[in-house]
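# Secondary and tertiary structure notes
Residue strings, one per chain:
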Amino acid sequence: MYVTAKVDEPKCIGCKLCIFACPDPNVFTFVKDKKKVVVNPARCKGCGLCVSVCPKDALVIGNV
Amino acid sequence: MSKAMFKMTTAFADVMPAEYVELVQSGPFGQGYGVADLGSFKELIEEHPLCAGCGLALAVRLIMASLPTPEDTVVVGSTGCSSLAFPQIALQNIHSLFGNQNAVASGLKRALKLRFPDKHKDVLVVAGDGATADIGLDMVMHSWSRGEKLATIMLDNEAYANTGGQESGMSPEGCVLYMAPTGKKFKKIALPEIARESGCAYVASVTPVQPRKLEKAVRRAILVAREVGPTYVQIFVPCPTNFKFKPQETLAKAKQREKDQTYPLREFITPEAQAYLAALEGGGKHD
Ligand SMILES: Cc1ncc(C[n+]2csc(CCOP(=O)(O)OP(=O)(O)O)c2C)c(N)n1
Ligand code: SF4
Ligand SMILES: [Mg+2]
């Protein structure tokens, strides 16, 4: 898509709330050993629901 | 369905679509995954054309992650926005004529019972509010009164979203939509109460704001429908496109409605279903 969610890695605490809020499948992957999430920008529609639930302001929507 | 169906002929592995390979290698079949595991396995639903921020799409994704045994589940859908997601689901699924979903599911469930008498084959109806509470209401209610062992899930976006925003029986009173410009004159249908009175052994209304609660309701509905009787889950799925709010506000809208009690969360369980669930859930992983 044209816009995507981006993770500010140091801020992410791996709570996975974004994963449960995203309406699209397999946009987020949880990286177990790092306890962080990563985004697949090709799958993200940029709706911003993940941003709305992140307790650490670790997500932003920006251009791909 | 046998789990062996999800194995790949090694010689063809390099020509199979990447999504299929992922599903075989890290899909949920036979794994007992739930909502808490999202992000760590290949989901049953693939990329779909539903709008950005769609509450219905989120609910379908959570439902797919809540199935107790996806390899033995058949989904019966109906026309509406969700029917754009079902072709993207790696499960047996039937698209029925608008409103006919509970009639189709009744026949299917009975046939599966005859064909596989010793197995649980879960038949899950997933349809919109228009399909469930308006055009399909006779099929829905009759399946409940007949005691068909189906789990019926309504994706309640309180409108006919797919056809551009007409009011449905589930739209709240006063609701203004693109094609209901003067506001709805009647109250929202109390389908959870109707379901309870019509023979459902388990009834719940939930929202995707609390994904684990949604998961619990879906699992309970499926499990109770195996042994006890019909079940109904109503999920509030706000629609940014027809209700003209920003896609990032979908969960806030649902939260607000939970809070101000205009979308009350409920759970009705018959004593028989309660006893059945208590026996199953004692110490279970997905409680
Ligand atoms: C028999 C029949 N009548 C009418 C339609 C037109 N139609 C298609 S989708 C739809 C509305 C669906 O509303 P709902 O069930 O609430 O699903 P939503 O799109 O809101 O998810 C209608 C009336 C149809 N496809 N078939
Ligand atoms: S119209 Fe509404 S319910 Fe339909 S896909 Fe778009 S946001 Fe979802
Ligand atoms: Mg609808």
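These remarks concern the structure in this document. Everything numeric in this text was worked out from a predicted model, so none of it was measured.

Cut-offs used in this document
- Per-chain numbering applies: the sequence of each chain, read as written, is numbered from 1 onward.
- Chain labels run from A onward and ligand labels from 1 onward, assigned in the order the entries are written.
- The predicted origin of the model limits local features to residues at a pLDDT of at least 70 and limits the giving and counting of side-chain atom pairs to 80 or more, whereas totals for whole chains, interfaces and linings rest on all residues.
- Heavy atoms throughout the structure, all of them, feed into the side-chain values; hydrogens and water do not.
- The way it works is that DSSP assigns letters per residue, a run of H or I at least four long becomes a helix, a run of E at least two long becomes a strand, and they are numbered from the N terminus.
- Partly exposed residues are those whose accessible area sits between 20% and 50% of the maximum for their type, while under 20% is buried and over 50% is exposed, using a 1.4 Å probe and protein chains only.
- By definition in these notes, contact holds between two residues if any of their heavy atoms fall within 4.5 Å.
- In this tally Asp and Glu are treated as negative and Lys and Arg as positive; neither His nor the chain ends contributes.
- By convention, the charge on Lys lies at NZ, on Arg at CZ, on Asp at CG and on Glu at CD.
- Joining through side-chain atoms within 4.5 Å is the link that ties buried Ala, Val, Leu, Ile, Met, Phe, Trp, Tyr and Cys residues into a set, and such a set is a nonpolar core.
- Put simply, buried area is the surface a 1.4 Å probe can reach on two separate parts but cannot reach once they are joined, added for both.
- Any carboxyl oxygen of Asp or Glu within 4 Å of a side-chain nitrogen of Lys or Arg constitutes a salt bridge here.
- For the purposes of these results, a polar contact is taken to be a pair of N or O atoms within 3.5 Å, where, inside protein, one atom must be able to donate a hydrogen and its partner to accept one; residues adjacent in sequence count only when each atom of the pair is a side-chain atom.
- Note on aromatic pairs: the rings of Phe, Tyr and Trp (six-membered ring only in Trp) are paired at centre separations within 6.5 Å, and the planes decide the class, stacked below 30 degrees, edge-to-face beyond 60, tilted for the rest.
- Only lysine NZ and arginine CZ atoms are considered, and such an atom sits over a ring when it is within 6 Å of the ring centre and within 35 degrees of the ring normal.
- Here a donor is an N, O or S atom found within 2.8 Å of the metal, or within 3.2 Å if the metal is Na, K or Ca; sites may look incomplete because water is not among the atoms.
- We call a residue near a molecule or strand as soon as one heavy atom of that residue lies within 4 Å of the molecule or strand.
- The protein chains shown are the only cover counted for residues, whose accessible areas, like all others here, come from Shrake-Rupley with a 1.4 Å probe.
- Two strands qualify as a pair provided that DSSP identifies no fewer than 2 bridges between them.
- A fitted line through C-alpha atoms serves as each axis, taken over the contacting stretch for helices, and the angle formed by two N-to-C directions is quoted from 0 to 180°.

### Some thoughts on the overall build of chain A
Along chain A, the regular secondary structure elements total 2 helices and 4 strands. In chain A, the succession of helices and strands from N to C terminus is β-α-β-β-α-β. The dimensions of chain A, computed from C-alpha atoms along their principal axes, are 30 × 20 × 20 Å. Within chain A, the proportion of its 64 residues that are buried is 50%. Of all intrachain contacts in chain A linking residues separated by at least 6 positions in sequence, the fraction that spans at least 24 positions is 61%. Positive and negative charge centroids in chain A, built from 10 and 5 side chains respectively, lie 4 Å apart.

### Digging into the nonpolar core
The tendency in soluble globular proteins is for nonpolar side chains to be buried as a group. Phe-28 of chain A together with Ile-63, Met-64, Leu-124 and Ile-235 of chain B are the most contacted members of the largest nonpolar core, which totals 67 residues. Take this core: its biggest share by element is 9 residues, from helix H2 (residues 55-66) of chain B. Residue contacts for Met-64 of chain B: discarding those within four places in its chain leaves Leu-44, Val-75, Phe-86, Ile-89 and Leu-91 of chain B. Membership of the second largest hydrophobic core comes to 12 residues, among which are Val-140, Leu-191, Ala-195 and Tyr-232 of chain B.

### As for the interface of chain B and chain A
One widely used convention gives an interface's size as the accessible area the parts lose upon coming together. Between chain B and chain A, the contact holds 29 residues from the first and 20 residues from the second. Three residues stand out in chain B for area buried against chain A, namely Gly-39, Arg-61 and Gln-248 of chain B, and they jointly supply 25% of the buried area on that side. For the pair chain B and chain A, the number of links is 1 salt bridge. The tally of links from chain B across to chain A stands at 13 residue pairs in polar contact (both at pLDDT 80 or more). Counting residues per element, the ones that place at least two in the side of chain B that touches chain A are H2 and helix H9 (250-259) of chain B. Counting residues per element, the side of chain B that touches chain A draws most heavily on H2 of chain B, at 4 residues.

### Notes on the packing of aromatic side chains
Residues and elements named next belong to chain B. Under the definition given, this model contains 3 aromatic pairs over all chains. Pairing Phe-236 with Tyr-263 gives two aromatic rings, centres 4.5 Å apart and planes at 15°, and the pair type is stacked. Residue Phe-236 is located in strand S6 (residues 231-236), and its partner Tyr-263 is located in the loop between H9 and strand S7 (266-269); the two are separated by 27 residues in the primary sequence. Taking relative accessible area as the criterion, Tyr-263 reaches 2% and is therefore assigned buried. A cation over a ring is seen here: Arg-257 above Phe-236, with NZ or CZ 4.9 Å from the ring centre.

### As for the coordination of the magnesium ion (ligand 3)
Residues and elements named next belong to chain B. Coordination of the magnesium ion (ligand 3) by the protein is provided by Asp-129 (OD), Asn-157 (OD1) and Ala-159 (O), with metal-donor distances spanning 2.0 to 2.1 Å. Donor residues binding the magnesium ion (ligand 3) come from one chain and are separated in sequence as D-x27-N-x1-A. One end of the pair, Asp-129, is in helix H4 (residues 129-135); the other, Asn-157, is in the loop between strand S4 (151-156) and helix H6 (191-197), with 28 residues separating them in the sequence. In this structure, Asp-129 and Asn-157 share a single accessibility class: buried.

### Regarding the site of ligand 1
All names here are of chain B. Near ligand 1 there are 15 residues, and of these Cys-81, Asp-129, Gly-130, Ala-131 and Ala-161 occur at the shortest range. Between ligand 1 and Ala-159, the relevant distance is 2.9 Å, taken from an oxygen atom to a main-chain nitrogen or oxygen of the residue. Residue Ala-161 places a main-chain N or O atom 2.9 Å away from an oxygen atom belonging to ligand 1. Look at ligand 1: alone it shows 590 Å² of surface, and the protein chains cover 76% of it. Among the elements that line the shell around ligand 1, the one with the most residues is H4, at 3 residues.

### Some words on the sheet that holds S7 of chain B
Hydrogen bonds along the backbone pair up the strands of a sheet, which may run parallel or antiparallel. All names here are of chain B. Strand order across the open sheet formed by 7 strands is S2-S1-S3-S4-S6-S5-S7, with mixed pairing between neighbours. Each edge of the sheet is formed by a strand with only one pairing partner; in this case those strands are strand S2 (92-95) and S7. Sheet twist, expressed as the mean angle between neighbouring strand axes with direction ignored, is 15°. In this sheet, S4 lies alongside strand S3 (residues 122-128) in parallel orientation, the contact comprising 5 bridges. Bridge pairing links Val-126 to Ile-153 in S4. Relative to strand S5 (residues 202-206), helix H7 (residues 211-227) is tilted by about 160°, and along the sheet it contacts S3, S4, S5, S6 and S7.

### A word on the pattern of salt bridges
Inspection of the entire model under this criterion finds 20 salt bridges over all chains. Glu-9 of chain A is paired through a salt bridge with Lys-34 of chain A; the nearest N and O atoms lie 3.6 Å apart. Of this pair, Glu-9 of chain A sits in the loop between strand S1 (3-7) and helix H1 (17-21) while Lys-34 of chain A sits in the loop between strand S2 (28-31) and strand S3 (36-39), and the two are 25 residues apart along the sequence. We classify Glu-9 of chain A as partly exposed; its relative accessible area is 36%. The partner of Glu-46 of chain B in a salt bridge is Arg-43 of chain A, and the shortest N-O contact between them spans 2.7 Å. Here Arg-43 of chain A lies in the loop between S3 and helix H2 (49-53) and Glu-46 of chain B lies in the loop between helix H1 (18-26) and H2, a pairing that spans two chains. Connected through salt bridges with shared partners, the residues Arg-43 of chain A together with Glu-22, Lys-42 and Glu-46 of chain B form a single ionic network.

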